[in-house]
Amino acid sequence: MAKRTFDHAAVEKKWQKRWAELQVYKTAENRVRPKKYVLDMFPYPSGEGLHVGHPKGYIATDIYSRYSRMKGHEVLHPMGWDAFGLPAENYAIKNKIHPRAAVDKNIANFKHQLAHIGFDYDWTREINTTDPAFYKWTQWIFLKLFEHGLAFQSNEPINWCPSCLTGLANEDLDGAVCERCGTPVEKKRLPQWVLKITDYADRLLKDLDTLDWPEHIKEAQRNWIGRSEGAEIDFPISFTREGTGKLAQITVFTTRPDTLFGATYLVLAPEHPWLVEALSRGDVFENTKEVAAYVAQAAAKTEIERSAEEKEKTGVELRGIRAMNPATNEAIPVFTADYVLGSYGTGAIMAVPAHDERDFLFAKKFELPIRYVIDPVTGEPQDNPKHKEKIVAVVEDGEGNVLTIKWPQELGGRLLVGGTIEEGEDPLTTALREIAEETGYTDIEPIERAEETVHHSYFAFSKNQATVAHTTLVHCRLRSDARQKQQLEENEAGKFEVEWVSVARARKEIHDDQHQRALSRFTGSASYSGDGLLARSGSFSGKKNRAALQEIVAMVGGRMVTRYKIRDWVFSRQRYWGEPIPIIHCATCGAVPVPYEDLPVTLPDVERYEPTGTGESPLAAISDWVNTTCPKCKGPAKRETNTMPQWAGSSWYYLRYMDPHNDEQLVSASNEKYWGPVDVYVGGDHAVRHLIYARFWHKFLYDISVVTSEEPFARLEFLGFILAEDGRKMSKRLGNVINPDDVVAQFGADAFRLYEMFMGPFSNTTAWSTASIAGSARFVERVWNAQDLVVDAPVPALLTPLAQTVKKVSEDIEAFKFNTAVSQLMIFINAIEEAGAIDKSSWSAFVRVLAPFAPHLCDELWSCAGEAGSVHTAPWPEYDSAALVESRVTVGVQVNGKRRGEVTLANDASEEEALAAVYANDSLNKLLSGRTLTRTIYVPGRILNIVAPGP
RNA sequence: GCCGAGAUGGCGGAAUGGUAGACGCAUCGGGCUUAAAACCCGAAGAGGGGCUAAAAAUCCUCGUGUGAGUUCGAGUCUCACUCUCGGCACCA
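Residues numbered from 1 in each chain as written. Chains lettered and ligands numbered in written order. Predicted model: local features only at pLDDT ≥ 70, side-chain atom pairs only at ≥ 80, totals over all residues. Heavy atoms only, no water.

(A) Expanded view of the nonpolar core. Ranked by size, the top nonpolar core spans 179 residues in total, and within it Trp-768, Leu-850 and Phe-853 carry the most contacts. It is helix α25 (residues 818-835) that provides the largest number of residues to this core, a total of 9 residues. Among residues more than four places away in sequence, those in contact with Phe-853 are Ile-63, Asp-750, Arg-753, Leu-754, Val-809, Ile-813, Phe-818, Ala-821, Val-822 and Leu-825. Formed by 52 residues, the second largest nonpolar core is a distinct cluster that contains Ala-231, Ile-233, Leu-247 and Ile-321. (Core = buried A, V, L, I, M, F, W, Y, C linked by side-chain atoms within 4.5 Å. Buried < 20%, exposed > 50% of the residue type's maximum accessible area, 1.4 Å probe, protein only. Helix = DSSP H or I, 4+ residues; strand = E, 2+ residues; numbered from the N terminus. Contact = heavy atoms within 4.5 Å.)

(B) Structural context of the pairing of strand β21 (residues 386-396). Across the 11 residues of β21, 8 count as buried, placing the element largely inside the fold. As paired strands, β21 and strand β26 (residues 465-478) are joined by 11 bridges and run parallel to one another. In the sheet register, Ile-391 faces β26, and the bridge partner there is Thr-472. The pairing of β21 with strand β24 (residues 417-420) spans 4 bridges and is classified as antiparallel. Residue pairing in the sheet places Ile-391 in a bridge with Gly-419 of β24. (Pairing = 2+ DSSP bridges.)

(C) Region of the structure containing the protein's contact with RNA strand B. Around RNA strand B, the structure places 51 residues, and the nearest of them are Glu-219, Thr-255, Arg-358, Met-759 and Asn-945. For RNA strand B, the backbone portion of the atoms within 4 Å of the protein, that is sugar and phosphate, comes to 63%. A distance of 2.5 Å separates a base oxygen of RNA strand B from a polar atom in the side chain of Lys-313. Between RNA strand B and Gln-894, the relevant distance is 3.5 Å, taken from a base nitrogen to a side-chain nitrogen or oxygen of the residue. (Near = heavy atom within 4 Å. Polar contact = N/O pair within 3.5 Å; in protein donor to acceptor, adjacent residues only side chain to side chain.)

(D) Geometry of empty space enclosed by the protein. All told, the structure shown has 1 cavity of 30 Å³ or more when counted by the stated rule. For the largest cavity, the calculated volume is near 190 Å³. Gly-85, Leu-86, Arg-573, Pro-645 and Gln-646 are the residues nearest the centre of the largest cavity, which is lined by 18 residues in total. (1 Å grid on protein atoms, 1.4 Å probe; cavity = no way out; pocket = protein on both sides within 12 Å on 5 of 7 lines; lining within 4 Å. Points joined across faces, edges and corners; volume = space filled by probe spheres on them.)

(E) A look at helix α28 (residues 911-920). Residues of α28 that are buried: Ala-914, Leu-915 and Val-918. The buried side chains of α28 occupy one side of the element, clustering within an arc of 95 degrees when seen end-on. Turned more than 90 degrees from where α28 packs its buried face, Glu-912 and Ala-920 sit exposed. Check the buried side of α28 and you find it contacts β41 (888-895), β42 (898-906), α29 (922-928), β43 (935-939) and β44 (943-947). (Arc of directions from axis to C-beta.)

(F) Focus on the packing of aromatic side chains. Counted according to the given criterion, the structure contains 48 aromatic pairs. Arranged with centres 6.0 Å apart and planes meeting at 90 degrees, the rings of Trp-81 and Phe-110 form a pair that is edge-to-face. Residue Trp-81 is located in strand β3 (residues 80-81), and its partner Phe-110 is located in helix α4 (residues 99-115); the two are separated by 29 residues in the primary sequence. Residues Trp-81 and Phe-110 agree in their burial class; the two are buried. Seen in terms of ring centroids, Tyr-339 and Phe-362 are 5.3 Å apart; in terms of plane orientation they differ by 45 degrees. Their pairing is tilted. Of the two residues, Tyr-339 is situated in the loop between β18 (334-336) and β19 (348-351) and Phe-362 in helix α11 (residues 357-366); the sequence distance between them amounts to 23 residues. What makes Tyr-339 buried here is its relative accessible area of 18%. Given the relative accessible area of 0%, Phe-362 is considered buried. Put simply, the rings of Phe-142, Phe-146, Trp-193, Tyr-200, Trp-569, Phe-571, Tyr-693, Phe-696 and Trp-697 touch in pairs and so form one group of aromatic residues. Its guanidinium or amino end placed over the ring of Trp-19, Arg-66 lies 5.2 Å from that ring's centre, counting from NZ or CZ. (Phe/Tyr/Trp six-rings, centres within 6.5 Å; stacked < 30°, edge-to-face > 60°. Lys NZ or Arg CZ within 6 Å of the ring centre and 35° of its normal.)

(G) The arrangement of the pattern of salt bridges in detail. On inspection of all chains with the given rule, the structure shows 57 salt bridges. Arg-715 is the partner of Glu-717 in a salt bridge, and the nearest nitrogen-oxygen pair spans 2.9 Å. On the basis of relative accessible area, Arg-715 is assigned to the buried category, the value being 14%. (Salt bridge = Lys/Arg side-chain N within 4 Å of Asp/Glu carboxyl O.)

(H) Quick look at the sheet that holds β42. Pairing is mixed across the open sheet formed by 4 strands, whose spatial order is β42-β41-β44-β43. On the outer flanks of this sheet lie β42 and β43, each paired with one strand and no other. In this sheet, neighbouring strand axes are inclined to one another by 20 degrees on average, regardless of whether the strands run parallel or antiparallel. The pairing of β43 with β44 spans 5 bridges and is antiparallel. In the strand pairing of β44, Arg-935 is matched with Val-947. (Axes fitted to C-alpha atoms, helices over the stretch in contact; angles between N-to-C directions.)

(I) Highlighting the side chain of Ser-769. Position of Ser-769 relative to the elements: it lies in the loop between β38 (766-767) and α23 (770-786). Contacts of Ser-769, omitting those with residues within four sequence positions, involve Glu-725 and Tyr-755.

(J) Geometry of the sheet that holds strand β11 (residues 192-195). Pairing is antiparallel in the open sheet, where 3 strands are placed in the order β5-β11-β30. Two strands lie at the open edges of the sheet, namely β5 (151-154) and β30 (569-570), each paired on one side alone. Here β11 runs beside β30; their pairing, made up of 2 bridges, is antiparallel. The residue bridging Val-194 from the neighbouring strand is Val-570, located in β30. Across the sheet, helix α5 (residues 132-147) touches β5 and β11, and the angle it forms with β11 is around 80 degrees.

(K) Focus on the environment of Phe-142. Mapped onto the elements, Phe-142 comes out in helix α5. Looking at Phe-142, the relative accessible area reads 0%, which means it is buried. When the C-alpha atoms of Phe-142 and Asp-750 are compared, they prove to be 43 Å apart, with 608 residues separating the residues in sequence. Leaving out residues up to four positions away in the same chain, Phe-142 has contacts with Ala-151, Trp-193, Leu-195, Phe-571, Ile-581, Pro-582, Ile-583 and Met-644.

(L) Representation of the packing of α23 against α25. The N-to-C vectors of α23 and α25 enclose an angle of 45 degrees; their axes lie 11 Å apart at closest approach. The angle between the axes of α23 and α25 places the two elements in the oblique class. Regarding α23 and α25, the two cross each other, and that crossing is left-handed. Of the residues in α25, those in contact with Phe-779, Arg-782, Val-783 and Ala-786 of α23 are Leu-825, Met-826, Ile-829, Asn-830, Ile-832 and Glu-833. (Parallel < 35°, antiparallel > 145°, perpendicular 65-115°, else oblique. Left-handed = near helix turned anticlockwise from the far one by under 90°.)

(M) Layout of the pairing of β41. For β41, the tally of buried residues reaches 6 of 8 residues, placing the bulk of the element in the interior. For β41 and β42, the ladder comprises 8 bridges, and the chain directions are antiparallel. Residue pairing in the sheet places Val-893 in a bridge with Gly-901 of β42. Joining the antiparallel neighbours β41 and β42 is a turn of 2 residues, in which Asn-896 adopts a positive phi near 55 degrees. Here β41 runs beside β44; their pairing, made up of 4 bridges, is parallel. Residue pairing across strands places Gln-894 opposite Asn-945, the latter belonging to β44.

(N) Expanded view of unusual backbone geometry. Here the amide bond leading from Leu-599 into Pro-600 is cis, since omega sits at 0 degrees, within 30 degrees of zero. Along the polypeptide, Pro-600 turns up in the loop between β32 (590-593) and α17 (623-626). With an omega of -10 degrees, the peptide bond between Gly-676 and Pro-677 qualifies as cis. Of note, the phi angle at Phe-816 is positive, near 60 degrees, even though the residue is not glycine.

(O) Broad picture of the side chain of Glu-860. Along the chain, the position of Glu-860 falls in helix α27 (residues 855-864). Judged by relative accessible area, which is 11%, Glu-860 ranks as buried. Not counting chain neighbours up to four residues away, the residues in contact with Glu-860 comprise Val-11, Lys-14, Trp-15 and Trp-784.

Okay, structure coming up:
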């Protein structure tokens, strides 16, 4: 039979034209059908154009939306452009054209590239964030935020990128460098517009639980919001030189108020307002100069410098003042140190070196007292335990080794020296005695005895006794290696070995957590951040630390508070290419919002749109735009010249697609009610920034009744990137970019689509493989040729495969498991070829389930089969669930859990029939002869396991 | 350091606790061809025994990052560990 070759270029052209003519993908508004809003994260139209990684998500939403349409949904599947922001502006500056022209050109290019792939977008709903008709509503939202007190002016220091010459939000940083250009950011005091996203922190966190999103994205958002519960506690301040009411106390934030009795000093961030105030008075401190110098030095450092100095703590004591620990009434010193951040909590901490690693390091360096107020509790809690007083001794040899005893595994493996304190014995004496008895060493010098006691619960199997050991940790040093010979010989003949091992090895090989604690207490980090029983804590001593936490706060008049890491959204950019912030500054009225009826405030043309670097936007130079009249008093006034960040438009664009041409409203109530929220949102990256900003704005719009759902994106599917064939990121610089235009020209749009979906799980990052795409092209050819096998008569062999295919493809599309859907379609074409024929109705069903993946091919096949209209508006096929299972099935046979053969049975065969078939099988029969069947496990259609001990 | 996700042939990957490696790529053998490409048919986890002129069928052992455990049966469940990727990180 002559093979026909699928002329993909001609077919693509034909159907793309026809779809447009017939308006196959026009979103209808009749609303009798259930809706499905399927959305891609809209692209930033860069000058580089699309590479093959970009369309992956678009193909997925295209398949999903085509499937939904065939399933009878009204589908909204739009596309648009996120075109404000630095990349477009920088591109324009570099190429010496206006950003507007650059954006228009890039959009045209993107659209042209997308058109080749055959997407079902309704282009009548296209949006563009730089279109004044669009950004009118971005400005409208800003005014609403302003009206509700959520947009305010601030003069706090912000992150400033000295290369991009603009202020940045916290979300725009990658660690402590500008996310765009990698330049370390500086702190700069600039008048800024800030959005109060922190007011929504709690809801942004809580409502994550309601979302059908990938766990890692929810987790990233939780990390970013960073909720922590703690307390604010006031520490009164006393002065040796001068004090005033304003400086009478310092409030700290701590998540561990339970350790208050162990707070031995306070630390203020160098930028703490109390400190600024005190310094301004000049004579509060005895060492004003020194303090001022430290503060100045900290202010000059970039974030990187401040944290890159790793671990090594710096700081200065504020001499001349003392704080009073409100729990102990002790006067304690106050420091300023840059390990405390001004922007978190209250900018001041109480330092508890015994129970906080950072405070410990600082206390060691400045020789401050360390007071242990929590006795660690370790081991498994026991019923009715017997109490014992014990010691655990860390013996060092001065060369980095510790003395250990290697017991048999069942007695705990490697341990330190330990033992029971005898009646009236001093723990140090016990330690020396036990060391001598167990290891033979006698010339041991005790160094330190830990102030705290470890309470360790365990079950002593040797004595069959539940036990709690109240253990004193002892630190000793080997003076000389003199040993009692006799003792040594006795023990080494016994059941354990005495060994000196390095601290690192001991840490690895000692598994008992009490002994671990002893080891780290004297050789590692001595601070203990775990839970236990309060000690040296007045009347709270002996209580569980967590249980007493609130009482301690109450006793000292503190407040339980919740704090968040997330910062308010710095919303001003000193750049040209963004939405003008619709505010007018009037000398008499202050910041006055532009009246709603005057929106949009359009971006004027400028001579130079390069950033000025002065902290002013290029707009400031256009005097006839800047100078205006105050809407309130009609006096002379100036426009705000900062623009909005790139993320403004994308924070609400998904709403505009629902009603893109509405001049009166951002979105009509009825359209929003019908289409919202987005059912499936697809994209990669942006785990925090875009998604948290959009959720914030959406919640605000919900609060002012513009939208009716609390969350914008009900379900999110994360897109895994496509790497270049060499496994690296695709980039122009590396010269490994693959252009979809070329792939489509060579293999066809349908093969391209199938390949991208078949590459692997949708959220996986996978390298492109030009060799592999040939497989998808072969599949397209085979489907094209299979139409020659269509016959009138039924083909029974295909009944089951067809039912399985319709079922699996439907379920897989809904679950975004496109790779296995494509695999099932391949299995079916294999079945057609094996059967050598396919009946008309099965063919029709197959063409329809393949249509979302290969829309051009399938519309051509559809019309070749004599069907009217487009396959994409045909109903999705049903399947016969009775046909899902083959009538005869192959069942694996296991003997004692190991696969030994298989038998073919009717799908509803009984266990007896199955066993009979096993005995009818020669080799299985032989294997089982002489054995007694003790048990059989039969899972019909799956497995028959025969438990039969050997002969 | 804390949190999250993951680890399966040469490669991408499949597998409601039930025949591991579906489907595809690459590979090898054969066909078609003057030849090559394309296309078609077939083989294939690793190792071994075995049969043989040489193979095949058949048989055994091992095999889903490592080690234990639960189970008639574990890629899948539990515990411990290693590594990879991602998020946060001096956040008190």
